[in-house]
Amino acid sequence: FLFSWMGDVSLMLTPETITDTHFLFIPKSKYLFLAGLGSFLLAQVCFILTYRHEVQSGSRKKTLPWLWFAPLYIYWIMMVYTLAPAVYHNPEKSAATIPVIIYAAVLIGMCASALNRYGYVSQISFMLVFTGACIFVLSDSLIAFNYLVYPQPMPMAGVWIFGTYALAEILMAEGVLQNQ
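Residues numbered from 1 in each chain as written. Predicted model: local features only at pLDDT ≥ 70, side-chain atom pairs only at ≥ 80, totals over all residues. Heavy atoms only, no water.

Examining the environment of E92
Structurally, the position occupied by E92 is in the loop between α3 (70-88) and α4 (97-116). Residue classification places E92 among the exposed positions, given a relative accessible area of 59%. Sequence-wise, E92 and K30 are 62 residues apart; in three dimensions their C-alpha atoms are separated by 8.6 Å. (Helix = DSSP H or I, 4+ residues; strand = E, 2+ residues; numbered from the N terminus. Buried < 20%, exposed > 50% of the residue type's maximum accessible area, 1.4 Å probe, protein only.)

Below, the structure is given as structure tokens:
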């Protein structure tokens, strides 16, 4: 959660428009988007390691069909197909193309790790974490479209992004605690 917080601070200090230059007298910089992306990447890696530890310390009670993972990878392909050209063809954002693709892959990996907990943990723990992981993917998708695709910020973007993000982290934390 520390890395998520660092990502939040970095995104708060990333300008959304050309006239968006300061936050509480602190200058904003477009380069902080990559710092935020890196912080969130580290957060996703920590989530993956946590979920992996839960799987390694448990024994599967039910078999998980491999087709359950297909929607996650299809979603990743659709996001890359949508985001990569928009980012690559924007001279101010093109440097973020590869980092965004990598982050999207790790984000989907986190969600797949949450899904892989099925049968290893209690049903309530699984549902809370997996629902939270899916909402986290939604929240980060909103960030990607807001900062990278749309020329102007989405209406009420902050409310939707932070609302889904906070709900996701609460659900994931509670789900892991339910497994203790």
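From this point, things continue past the structure.
Considering a nonpolar patch on the surface
On the surface, a cluster of nonpolar side chains totalling about 330 Å² of accessible area is made up of L2, W5 and M6. Summarising the element assignment, L2 is placed in helix α1 (residues 2-12). (Patch = residues over 30% accessible without salt bridge, like charges linked within 9 Å, V, L, I, M, F, W, Y side chains within 5 Å. Areas by Shrake-Rupley, 256 points an atom, 1.4 Å probe, with all protein chains shown as cover. Salt bridge = Lys/Arg side-chain N within 4 Å of Asp/Glu carboxyl O.)

Notes on the nonpolar core
What tends to happen in soluble globular proteins is that the nonpolar side chains get buried as a cluster. Ranked by internal contacts, the top residues of the largest apolar core, which has 48 residues, are F33, Y51, M110 and F136. Listed by contribution, the elements that provide at least two residues to this core are α2 (32-56), α3, α4, α5 (123-149) and α6 (157-178). Broken down by element, the residue count for this core peaks at 13 residues, all from α5. (Core = buried A, V, L, I, M, F, W, Y, C linked by side-chain atoms within 4.5 Å.)

Details of the state of the cysteines
Throughout the structure, instances matching the rule amount to 0 disulfides. Here C46 is not cross-linked by a disulfide; its sulfur's nearest cysteine counterpart is in C111, at 17 Å. Residue classification places C46 among the partly exposed positions, given a relative accessible area of 34%. Of all cysteine sulfurs in the structure, the one in C134 sits closest to C111, which takes part in no disulfide; the separation is 3.8 Å. (Disulfide = S-S within 2.5 Å.)

Things to note about α2
The end-to-end C-alpha distance of α2, which contains 25 residues, comes to 36 Å, matching closely the 36 Å that a straight helix rising 1.5 Å per residue would cover. Among the residues of α2, those classed as buried are F33, G36, L37, S39, F40, A43, Q44, F47, Y51, E54 and V55. Next to the buried residues of α2 lie α1, α4, α5 and α6. (Expected span 1.5 Å × (residues − 1). Contact = heavy atoms within 4.5 Å.)

Quick notes on empty space enclosed by the protein
Counted under the stated rule, the structure contains 1 cavity of 30 Å³ or more. By volume, the largest cavity amounts to about 230 Å³. Lining the largest cavity are 20 residues, and of these L37, Y103, L107, D140 and A144 sit closest to its centre. When residues of the lining of the largest cavity are traced back to their parent elements, those giving at least two are α2, α3, α4 and α5. Among the elements that line the lining of the largest cavity, the one with the most residues is α5, at 6 residues. Tallied by class, residues from the lining of the largest cavity come to 17 nonpolar, 2 polar and 1 charged. (1 Å grid on protein atoms, 1.4 Å probe; cavity = no way out; pocket = protein on both sides within 12 Å on 5 of 7 lines; lining within 4 Å. Points joined across faces, edges and corners; volume = space filled by probe spheres on them. Nonpolar A, V, L, I, M, F, W, Y, C, P; charged D, E, K, R; others polar.)

Remarks on the confidence of the model for the protein
Looking at the protein as a whole, its pLDDT mean stands at 88, while 98% of the residues score no less than 70. At the level of individual helices and strands, the protein shows its lowest average pLDDT in strand β1 (residues 22-23), which scores 80, and its highest in α6, which scores 94. (pLDDT = per-residue confidence, 0-100.)

Here's the deal with the side chain of S4
Relative to the elements of secondary structure, S4 occurs in helix α1. If we ignore the near neighbours within four places in the chain, the residues touching S4 are F40, A43, F47, F136, Y165 and E169.

Quick look at the environment of L115
Examined against the element boundaries, L115 turns out to sit in helix α4. Accessibility expressed as a relative area gives 3% for L115, which makes it buried. Linking L115 and Y150, residues 35 residues apart in sequence, is a C-alpha distance of 31 Å. With sequence-adjacent residues up to four places away left out, L115 is seen in contact with L64, W68, F69, L72, F126 and F130.

Considerations on the side chain of K28
With respect to the helices and strands, K28 occurs in the loop between β2 (26-27) and α2. Here the side chain of K28 touches M12 through a polar contact of 3.4 Å, landing on its backbone oxygen. Residues in contact with K28, not counting those within four places in the same chain, are M12, L13, T14, P15, D20, T21, H22 and F23. (Polar contact = N/O pair within 3.5 Å; in protein donor to acceptor, adjacent residues only side chain to side chain.)

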